[in-house]
Amino acid sequence: MPRQSYAEALVDALYDSLAADPRVSLIGSYVLGLGPQRHLMERVRKAFHDRIADPPTAEAGAAATGIGAAMAGVRPFVDLGTGSFPYLAWSQIVNEAAISCYMSDGRIPVPVTFHLLHGVRGGGAAQHSHSPQSMLCNAPGLEIVAPATAADVYGLVRAAFQSPNPTVVVSHAKLLGIESDVPAQKQSIPIGQAEIKRSGRDVTIVANSFMTQLSLAAAAALAEEGIEAEVVDLRSLAPLDETTILNSVARTGRLVVVDECPLRCGIAAEIAAVVAEHGFGLLQAPVVRVTRAQVPVPYSPPLEAAVTPDAAKIAAAAKRTLGARA
Amino acid sequence: MSQKLSADLAWPMLEKMLLIRRFEEAVLQLSNDKQFVGHYHLYIGQEATGVAVMSLLEPKDRIATTHRNHGHVLARGSDPGRAMAEILGRASGLYGGRGGTLHLGDPELGFLSTSGIVGGCISLGVGGGYACRQRQEGALSAVFFGDGALEEGVSFEALNIASLWRLPVLFICENNSTGSWAPGQGYPTLVHASSDLCSIAKSVNIATMRVDGADVFAVHAAASEAIALCRSGQGPVFLEAVTRRWPGNNPLWPEPVTGPTDMRMATGEFAPGGEHADWLSHHDPVLRLARTLASHDGGAAARIASLDAAARQRIADAVKFALASPFPAAETAFARVFA
């Protein structure tokens, strides 16, 4: 099976979306940030220069331009940059894009796609390490996807462009260079479907985005100790695939939820609540959450590591659900 | 008629302005009768702007409007009954009662989602212009907003983007300030340190025009020029239409301080009086247009009365339709979060 980096697959998805639909355009083309993969976008800029415009430093204005254009029937992609910049466009995303379809009784859908680079990227300090997706999950009307692999980012970005709804694609900055298997013919992937990335009988680990990669690493380490963890990759945060989560917990009886959003009212909290509400009888042990600590992200590397999930913390959490000492 | 507008065009505009006036008066009455809850905003005193601009737009054009939208929707041709039903939260409203007074719109007539976030509508309108340019159909995006919308930061971002990308956007700033005009110094508002709102658009190289927003002839002439500029591909135009705020909009909630508009004030049969005589004599766009028509046409009084009677009847029918419409079923509240 061929392999690709997350960044290469994301770029392919943008290229193929532009090629497939003349209504598609890019507002902002620096989707790969400042990292070593950034040159990959040159191929897209060259082929579709008439449908790519880089806006001024105007996050709200750029987001609104995409939203208004989508209301008028085209399909823009708005790159919001680092995960902290959407806060400048918050009103546009949560109070214009998310509500328009509902408030117009379905008459004004908003087929816009937003992209942001989220997460603790290393040295980003408090203002450039954000994962705003748990807050966005509080805005009914948004589709939110958080892929973890090359095949998934390709498929979900293609699906975002095809969706009639506003879709937020969050890419973890640390995923861009990670390679994974891709099918020879990459496909669109339906929004709202989780995927079991590794099967196991002992404990379910629910994750998304870069946390899926860390959870797979944790599962590999656990396997060496004879513990078989099942890794459920959410892929989509909204709509949430409750069925796949509950079915996995039904098999394992134990649940660890991993997410890089802060602890309080986060995605991990929501999944724990779903399982408590609909799968309480399935649980043989308390749910354990592994999230970013409820503190701003510090700059210095040892401090940053202390507040951020990693494979060791995830493995320890899995053992706790099995009654072993961490 | 010295203005560049023939009677053939003026009469249909009076008809629309009267329709809006009677609609708004009915909304005020329905609110006072507790037929709907929540705050609302009336277009009384600004009818000339919406009607003149809309008369120049084409079906393919896009429109963004704000919380003070009733006049824009009616001027564009939406059904008054469905508009009124929306305000009353009824199932037969333009949006099934989900948007209400702050969010009236009609996508089949080119409306984007109507934002009640005042600067928000400006930025959405720029998106409308982006789509118009991408589609290359010669369409433009007309954005209506008040002077207060320019207080919000996103409006600057939107103006800057529209100018940088030369988008076909007509910004119509309806300055309904209470301030009085000082020659050569623009029109101050209560909410801007600047006394010249056009200077905000000028600072990002957008062509600007300022007109008396209560003079339908002036608005028509300026908008005609602005629209031609927009369609020529030269980028956005900022048109400031200045009106003297209708006194009924000064209280926190609208009040019928001038009473139902008496069109006999336009034909000399009845003289404006009381504390609002100045507004009625000089700043009411509906009366102003009717006076101009009356001064050029001996038979105008009867025609005005007849148009007014027809407008009253249409609005009475609209109110009747809206009040007879059912409320939406509660279980529908959970549908259409997604398309």
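A. Examining the pairing of strand E3 (residues 169-175) of chain B more closely. Residue and element names in this part refer to chain B. Most of E3 sits inside the fold, with seven of its seven residues counted as buried. Burial along E3 is two-sided: Val169, Phe171, Cys173 and Asn175 and Leu170, Ile172 and Glu174, pointing in opposite directions, are all buried. Sheet topology note: the strand E2 (residues 141-146)/E3 ladder contains six bridges and is parallel. Considered in E3, the bridge of Phe144 is made with Ile172. Read from E2 through helix H6 (residues 153-164) to E3, the crossover connection turns out right-handed. Two elements, E3 and strand E5 (residues 237-242), share six bridges in a ladder whose sense is parallel. Counterpart to Phe171 in the pairing with E5 is Phe238.

B. Structural detail: the sheet that holds strand E11 (residues 229-233) of chain A. All names here are of chain A. Taken in spatial order, the five strands line up as E9-E11-E10-E13-E14 in an open sheet, and their pairing is mixed. Every other strand in the sheet has two partners, leaving strand E9 (195-198) and strand E14 (288-292) as the edge strands with one partner each. Adjacent strand axes in the sheet meet at a mean angle of 25 degrees, parallel and antiparallel pairs treated alike. Pairing of strand E13 (residues 255-262) with E14 involves five bridges; the strand directions are parallel. By the bridge assignment for E14, Val257 is matched with Arg289. In this fold helix H9 (residues 267-278) packs onto strand E10 (203-207), E13 and E14, with an angle of close to 150 degrees to the strand it touches most, E13.

C. Main features of H9 of chain A. All names here are of chain A. Spanning twelve residues, H9 covers 16 Å between terminal C-alpha atoms, matching the ideal 16 Å at 1.5 Å per step. All of the buried residues along H9 are Ile267, Ala268, Ile271 and Val275. Around the axis of H9, the buried residues are gathered within 105 degrees of arc, so they sit on the same side. Exposed and facing more than 90 degrees away from the buried side of H9 are Ala273 and Glu277. Buried residues in H9 make contact with helix H5 (133-136), E10, strand E12 (236-238), helix H8 (242-252), E13 and E14.

D. Seen up close, the pairing of strand E4 (residues 207-212) of chain B. Residue and element names in this part refer to chain B. Looking at chain direction, E4 and E5 are connected through six bridges and run parallel. Its bridge partner being in E5, Asp212 is matched across the sheet by Val242. Regarding the hand of the β-α-β motif, the stretch spanning E4, helix H8 (residues 216-231) and E5 is right-handed.

E. Molecular detail of the packing of helix H7 (residues 210-224) of chain A against helix H11 (residues 311-321) of chain A. Residue and element names in this part refer to chain A. Contact pair H7 / H11: the axes reach a minimum separation of 8 Å and the direction vectors enclose 55 degrees. Judged on the interaxial angle alone, H11 and H7 are oblique. Our pair here, H7 against H11, has a crossing hand that is right-handed. For the pair H7 and H11, contact is made by Leu214, Ser215, Ala217, Ala218, Ala221 and Leu222 and by Ala311, Ile314, Ala315 and Ala318, respectively. When grouped by side-chain class, the residues that make up the contact of H7 with H11 number nine nonpolar, one polar and no charged.

F. Examining the nonpolar core more closely. In this structure, Ile205, Val256 and Ala318 of chain A together with Val143, Leu170 and Leu239 of chain B are the most contacted members of the largest nonpolar core, which totals 209 residues. Top contributing element to this core by residue count: helix H1 (residues 7-32) of chain B, with ten residues. Taken domain by domain, this core gets at least three of its residues from each of domain 1 (3-181) and domain 2 (195-321) of chain A. Ignoring any residue separated from it by four or fewer positions in sequence, one finds Val256 of chain A in contact with Val203, Ile205, Val288, Val290, Ile314, Ala317, Ala318 and Thr321 of chain A.

G. Spotlight on the domain arrangement of chain A. Residues and elements named next belong to chain A. Domain assignment breaks chain A into domain 1 (3-181) and domain 2 (195-321). A C-alpha centroid distance of 25 Å is found between domain 1 and domain 2. Contacts between the two partners involve 25 residues from domain 1 and, on the opposite side, 22 residues from domain 2. When contributions to the side of domain 1 that touches domain 2 are tallied by element, the ones reaching two or more residues are H5, strand E6 (143-145), helix H6 (150-162) and strand E7 (167-172). Here the side of domain 1 that touches domain 2 is composed, by residue class, of 14 nonpolar, eight polar and three charged.

H. Geometry of H6 of chain B. Between its first and last C-alpha, H6 of chain B extends 17 Å over twelve residues, near the 16 Å set by a 1.5 Å rise per residue. Where burial is concerned, most of H6 of chain B is hidden: ten out of the twelve residues are buried. Those residues of H6 of chain B that sit buried are Val154, Ser155, Phe156, Glu157, Ala158, Leu159, Asn160, Ile161, Ala162 and Ser163 of chain B. In this structure, the buried residues of H6 of chain B make contact with helix H3 (59-71) of chain A together with helix H5 (118-135), E3 and helix H7 (198-202) of chain B. In the stretch just after H6 of chain B, Arg166 of chain B is the one whose phi turns positive, near 50 degrees.

Criteria and thresholds
- Residues numbered from 1 in each chain as written.
- Chains lettered and ligands numbered in written order.
- Predicted model: local features only at pLDDT ≥ 70, side-chain atom pairs only at ≥ 80, totals over all residues.
- Buried ≥ 20, exposed ≤ 12 C-beta atoms within 10 Å, placed from the backbone.
- Helix = DSSP H or I, 4+ residues; strand = E, 2+ residues; numbered from the N terminus.
- Pairing = 2+ DSSP bridges.
- Right-handed = clockwise from strand over helix to strand, strands pointing away.
- Axes fitted to C-alpha atoms, helices over the stretch in contact; angles between N-to-C directions.
- Contact = placed C-beta atoms within 7 Å.
- Expected span 1.5 Å × (residues − 1).
- Arc of directions from axis to C-beta.
- Parallel < 35°, antiparallel > 145°, perpendicular 65-115°, else oblique.
- Left-handed = near helix turned anticlockwise from the far one by under 90°.
- Nonpolar A, V, L, I, M, F, W, Y, C, P; charged D, E, K, R; others polar.
- Core = buried A, V, L, I, M, F, W, Y, C linked by C-beta atoms within 7 Å.
- Domains from an automatic or database assignment.

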